[in-house]
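Structural characterization, general
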Amino acid sequence: MEKDQADHPSHPAPVRLAFRVSYLGSRFFGSQMQVSERTVEGEFVAACQRLSLFSDWREAGFLFAGRTDRGVHAIGQVAAFSTDAPERAIATINLQLPPDCWCTAYAEVPPAFHPRYDAKKRTYRYYFSRAPPSTDAMTRAASRFVGNHNFTSFARMDGRSPFRTVYSARVLDEGGFVCLEVTAESFLWHQVRCMATALLRVGEGEEDEDFIDQLLTAEPEKALTPAPAEGLVLWDTDCGISWKPIAARERSAHFIDDLMRHHSLMDNVCRVLQQDRPSS
């Protein structure tokens, strides 16, 4: 690039940008780019190419901080790429992204910034579809996850070390829903969803709080079945960035509003259908 600038002094040096990304995962086949499926990375790269922010995503060093599975949502994903047109990227990226994916903030970062390797910690929230009878037991059980443990029983293993350091794990009541919030340096595949499965069994009274310790210390037989993906949200990725907000986009706001109205309507329809039919 230094040679390019010497030959073309008017050609600006590329700027590396990071974006904080939100998406509703229901209509994506995960975040990682795939040839034949709709993914978050695929839509993001396509938007950047339509805006001529880069032509080759590899040469631009396009990266996400991590992968999320099919159906998993995010409010704290981080994307990064280098571009000769940073002002255009900041001003127009949300105009080209689909309504179920949008950026909420940006930052100019060093040329070597890697959102995955520079992430100091990650936070996920898992929202349970129903409130278990004993959330107090779940709260106490969640604290057993804190520390460095072998999470073989909580993950699909792919050859990586099963040991992970969990900084915090707590159970919250938010808007009438119970959720698990867990922060760690990194996570294994399906780890948070399997942690949610274990806590739900405690909350339902199927297991006591020592069940978590047993899973973390005993010789694993097989991993737990992960809880459904629809309840999982990548809440935050801490890369030590000071973010600058990007204005909200009306198209995405309308999309979310319409979706909320649809689900509210279907909730009411289901309640009506559960009732006995009135006599004529």
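Shown above is the structure to which this text applies.
So, here's what we can say about the structure.

**So, the overall build of the protein chain**
Along the backbone of the protein chain there are seven helices and 10 strands. Seen through its C-alpha atoms, the protein chain measures out along the principal axes to roughly 75 × 60 × 35 Å. Counting only residues that meet the buried cut, the protein chain has 44% of its 280 residues in that class. Just so you have it, the protein chain exposes about 15,400 Å², and 51% of that area is on carbon and sulfur atoms.

**A short note on unusual backbone geometry**
Trans is the prevailing form of peptide bonds, just as negative phi is the prevailing case for residues other than glycine. Despite not being glycine, Ser 52 shows a phi value in the positive range, around 55°. Tracing the chain through its elements places Ser 52 in the loop between α2 (40-50) and β2 (63-64). Judged by its relative accessible area of 52%, Ser 52 is exposed.

**With respect to the pattern of salt bridges**
One pass over the full model with this rule turns up 15 salt bridges. Between Arg 144 and Glu 209 there is a salt bridge, with the nearest N and O atoms lying 3.8 Å from each other. With Arg 144 in the loop between α4 (135-142) and β6 (147-150) and Glu 209 in the loop between α5 (191-203) and α6 (210-217), the pair connects residues that are 65 residues apart, well separated along the chain. On the accessibility criterion, Arg 144 (22% relative accessible area) is partly exposed. Judged by relative accessible area, Glu 209 falls into the buried class, the value being 19%.

**Focus on the environment of Tyr 106**
One can find Tyr 106 in strand β4 (residues 101-109). Spatially, the C-alpha atom of Tyr 106 lies 32 Å from that of Ala 155, the residues being 49 residues apart in sequence. Every residue in contact with Tyr 106, bar those within four places of it in the chain, is listed here: Ala 18, Phe 19, Ile 90, Ser 242, Trp 243, Lys 244, Pro 245 and Ile 246.

**A few points about the side chain of His 190**
Mapped onto the secondary structure, His 190 falls in the loop between β8 (177-184) and α5. In this structure His 190 comes out as buried when scored by relative accessible area, which is 13%. Each residue touching His 190, except ones within four places of it in the same chain, is listed here: Asp 69, Phe 154, Arg 156 and Pro 226.

**Details of α2**
Along α2, the residues that are buried comprise Val 40, Glu 41, Phe 44, Val 45, Ala 47 and Cys 48. Across the axial projection of α2, the buried residues extend over an arc of 160°, all falling on one side. Tucked into the core, α2 has its buried residues touching β1 (15-23), β2, β3 (73-83), α3 (86-96) and β4. Of the residues flanking the end of α2, it is Ser 52, one or two places downstream, whose phi is positive at about 55°.

**Here's the deal with the nonpolar core**
Across soluble globular proteins, nonpolar side chains have a tendency to be buried as a group. Among the nonpolar cores identified, the biggest contains 65 residues, and Phe 19, Phe 44, Phe 81, Ile 93, Phe 145 and Phe 154 are the most heavily contacted of them. Considering every element that reaches this core, the biggest residue donor is α5, with seven residues. If we ignore the near neighbours within four places in the chain, the residues touching Phe 145 are Phe 151, Phe 154, Val 166, Ala 169, Met 195, Leu 199, Ile 212 and Leu 216. Ranked by size, the runner-up nonpolar core spans 10 residues in total, among them Ala 18, Ala 65, Val 78 and Ala 80.

**With respect to the environment of Ala 79**
Along the chain, Ala 79 falls in strand β3. On the accessibility criterion, Ala 79 (0% relative accessible area) is buried. Sequence spacing of Ala 79 and Ala 198 is 119 residues, and the spatial spacing of their C-alpha atoms is 31 Å. Beyond its immediate chain neighbours, meaning those up to four positions away, Ala 79 contacts Leu 17, Ala 18, Phe 19, Val 21, Phe 44, Leu 63 and Phe 64.

**Structural notes on a nonpolar patch on the surface**
A cluster of nonpolar side chains, namely Leu 265, Met 266, Val 269 and Leu 273, defines an oily patch on the protein surface of about 360 Å² accessible area. Relative to the helices and strands, Met 266 is located in helix α7 (residues 250-274). For Met 266, a relative accessible area of 36% gives the class partly exposed.

**Examining the packing of α5 against α6**
Running from N to C, α5 and α6 point in directions that differ by 150°, and their axes come no closer than 9 Å. Between α5 and α6 lies a crossing of right-handed hand. Residues Ala 198, Leu 199, Arg 201 and Val 202 of α5 form the contact with α6, whose participating residues are Phe 211, Ile 212 and Leu 215. Across the contact of α5 with α6, the residue classes break down as six nonpolar, no polar and one charged.

The rules behind the values
Residues numbered from 1 in each chain as written. Predicted model: local features only at pLDDT ≥ 70, side-chain atom pairs only at ≥ 80, totals over all residues. Heavy atoms only, no water. Helix = DSSP H or I, 4+ residues; strand = E, 2+ residues; numbered from the N terminus. Buried < 20%, exposed > 50% of the residue type's maximum accessible area, 1.4 Å probe, protein only. Areas by Shrake-Rupley, 256 points an atom, 1.4 Å probe, with all protein chains shown as cover. Salt bridge = Lys/Arg side-chain N within 4 Å of Asp/Glu carboxyl O. Contact = heavy atoms within 4.5 Å. Arc of directions from axis to C-beta. Core = buried A, V, L, I, M, F, W, Y, C linked by side-chain atoms within 4.5 Å. Patch = residues over 30% accessible without salt bridge, like charges linked within 9 Å, V, L, I, M, F, W, Y side chains within 5 Å. Axes fitted to C-alpha atoms, helices over the stretch in contact; angles between N-to-C directions. Left-handed = near helix turned anticlockwise from the far one by under 90°. Nonpolar A, V, L, I, M, F, W, Y, C, P; charged D, E, K, R; others polar.

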